[in-house]
Amino acid sequence: MRETRSKRKIKVEDTSVEDIIIKKEKIEPIFNNIKHSNTIAKDEKPDISEFEKQIEDKAVVKTETYNSAIDRESSSSEGVDWERILSRIKDFRSKNQAPVDTIGCHAIGTRGPTPAINRYRTLVALILSSQTRDEMTSSAVDNLNAALSGGLSPTSLVAATDDTIKHAIKLVGFANTKVKYLRQTSRLLLERHNGDVPSQLAELLDLPGVGPKMAYLALQSCWDVNIGIGVDTHVFRISHKLGFVPPSSKTPEDTRKRLQSLLPQSEWPSINPLLVGFGQILCTAKKPDCNNCPVNDLCISSTAIIKPHTKIKNAKKMS
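The sections below set out a description of the structure shown in this document. Keep in mind it's a predicted model, so treat the numbers as computed, not measured.

The subject of this paragraph is the overall build of the protein chain. Scanning the protein chain from N- to C-terminus turns up 15 helices and 3 strands. For the protein chain, long-range pairs separated by at least 24 residues make up 59% of all intrachain contacts whose partners lie at least 6 apart in sequence. In the structure as shown, the protein chain presents an accessible area of about 18700 Å², 51% of it carried by carbon and sulfur atoms.

If you want it as structure tokens, here you go:
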């Protein structure tokens, strides 16, 4: 019998690749072994479980693993002038306010009566912020604070009905799922952490609805703990556009690791609000304003017709 072979590479870890070779013998159709009956209903499918089982039994999978270090991979971040890029973006952002500056999750966590309540509201905002604009997130937190007895706290949220919570956050994405996350997380905070937000990464990741991005941002905003970069959709997209990470970084977690290997740890806390605001007001997903971008002469993705910084630089040389 002929053999058909398919080969593909799957990335397993940062330092290894798994090469899977699947050999499958060609199998003659065996539908004749399936018992058909004239009494089978028109919309009823025949039982083909035996056919599927025979195909599965014939498959032979051979796995070979070998090491492939990340530094062997051609990376677009090699040689990128990240210091000049960030310096210009910081200067631009200092003169141009973005929604994240006034109604971002860290800003929401400054409105409560106590530090513990502020930390809790920051976490609530982070959970609500997934797939949701800052304006909607801020409005939802304000609605919860107004709707719940005594204001937004773990105790008042657990005591509220699902309908009350859902009505308050109805404008955010995936509201039904987030009602469940908020209730479960609030209950765990009361049971395990005395109603406060935990200061350990592992404990944050144990909370329903809290992923790595939210956990790192919560640690920075709530506890001033800087152990990782929070990679959201803006940070992910702009990091790739600027060439900070290679195209092979397909996930937020891989992008986080690449960014942390590129940038000094002192830059980690500011990179999220910096790039989020940059993405909100200039480097937008649909129509980035490359012609007015302060780094259009350094950005590998720039579509600017005229690159102001390059022109100014050349003009200085000529004078």
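This next bit is on the side chain of Asp134. Mapped onto the elements, Asp134 comes out in helix H6 (residues 134-147). As a buried residue without a salt bridge, Asp134 has its nearest oppositely charged side chain in Arg133, at a separation of 8.3 Å. Here Gln280 takes part through its side chain, which lies 2.8 Å from a polar atom of the side chain of Asp134. Not counting residues up to four positions away in its chain, the partners in contact with Asp134 are Pro99, Val100, Ile103, Gly104 and Gln280.

A general feature of soluble globular proteins is that nonpolar side chains tend to end up buried together. Counting 35 residues, the largest nonpolar core has Val124, Leu128, Leu144, Leu152, Ile165, Ile169 and Leu182 as the members making the most contacts within it. Of all the secondary structure elements, the ones that give two or more residues to this core are helix H4 (105-108), helix H5 (115-129), H6, helix H8 (162-168), helix H9 (175-192) and helix H11 (212-223). Broken down by element, the residue count for this core peaks at 7 residues, all from H5. Not counting residues up to four positions away in its chain, the partners in contact with Leu144 are Val124, Leu128, Leu152, Ile165, Ala168, Ile169 and Leu182. In terms of nonpolar packing, the next biggest core, distinct from the first, is built from 28 residues, Ile85, Leu86, Ala98 and Val295 among them.

Mapped onto the fold, Ser156 is located in helix H7 (residues 154-159). Side-chain polar atoms of Ser156 contact the backbone oxygen of Gly151, separated by 2.6 Å.

What follows deals with helix H14 (residues 268-281). Along H14, the residues that are buried comprise Trp268, Ile271, Asn272, Leu274, Leu275, Val276, Gly277, Phe278 and Gly279. Where H14 is buried, its residues meet helix H2 (82-95), helix H3 (99-103), H11, helix H12 (233-242) and helix H13 (252-262).

Our next topic: unusual backbone geometry. A positive phi is found at Gln131, a non-glycine position, where the angle reads about 60°. Looking at the secondary structure, you find Gln131 in the loop between H5 and H6. Accessibility expressed as a relative area gives 65% for Gln131, which makes it exposed. Residue Asp224 is not a glycine yet carries a positive backbone phi of 55°. Relative to the helices and strands, Asp224 resides in the loop between H11 and H12. Relative accessible area serves as the criterion here: at 71%, Asp224 is assigned to the exposed category.

Now for the pattern of salt bridges. Here the structure, examined in full by the defined rule, presents 11 salt bridges. Where Arg88 meets Asp297, a salt bridge forms, and the shortest distance between an N and an O atom there is 2.5 Å. Here the residue Arg88 occupies a position in helix H2, and Asp297 occupies one in the loop between H14 and helix H15 (308-318), the gap between them amounting to 209 residues. The burial state of Arg88 is the same as that of Asp297; both residues are buried. In this structure, Arg93 engages Asp101 in a salt bridge whose closest nitrogen and oxygen atoms are separated by 2.7 Å. In this structure Arg93 comes out as buried when scored by relative accessible area, which is 10%. Since its relative accessible area comes to 30%, Asp101 is described here as partly exposed.

Rules used in this analysis
Residues numbered from 1 in each chain as written. Predicted model: local features only at pLDDT ≥ 70, side-chain atom pairs only at ≥ 80, totals over all residues. Heavy atoms only, no water. Helix = DSSP H or I, 4+ residues; strand = E, 2+ residues; numbered from the N terminus. Contact = heavy atoms within 4.5 Å. Areas by Shrake-Rupley, 256 points an atom, 1.4 Å probe, with all protein chains shown as cover. Buried < 20%, exposed > 50% of the residue type's maximum accessible area, 1.4 Å probe, protein only. Lys, Arg positive; Asp, Glu negative; His and termini not counted. Salt bridge = Lys/Arg side-chain N within 4 Å of Asp/Glu carboxyl O. Polar contact = N/O pair within 3.5 Å; in protein donor to acceptor, adjacent residues only side chain to side chain. Core = buried A, V, L, I, M, F, W, Y, C linked by side-chain atoms within 4.5 Å.

Geometry only, nothing functional implied.
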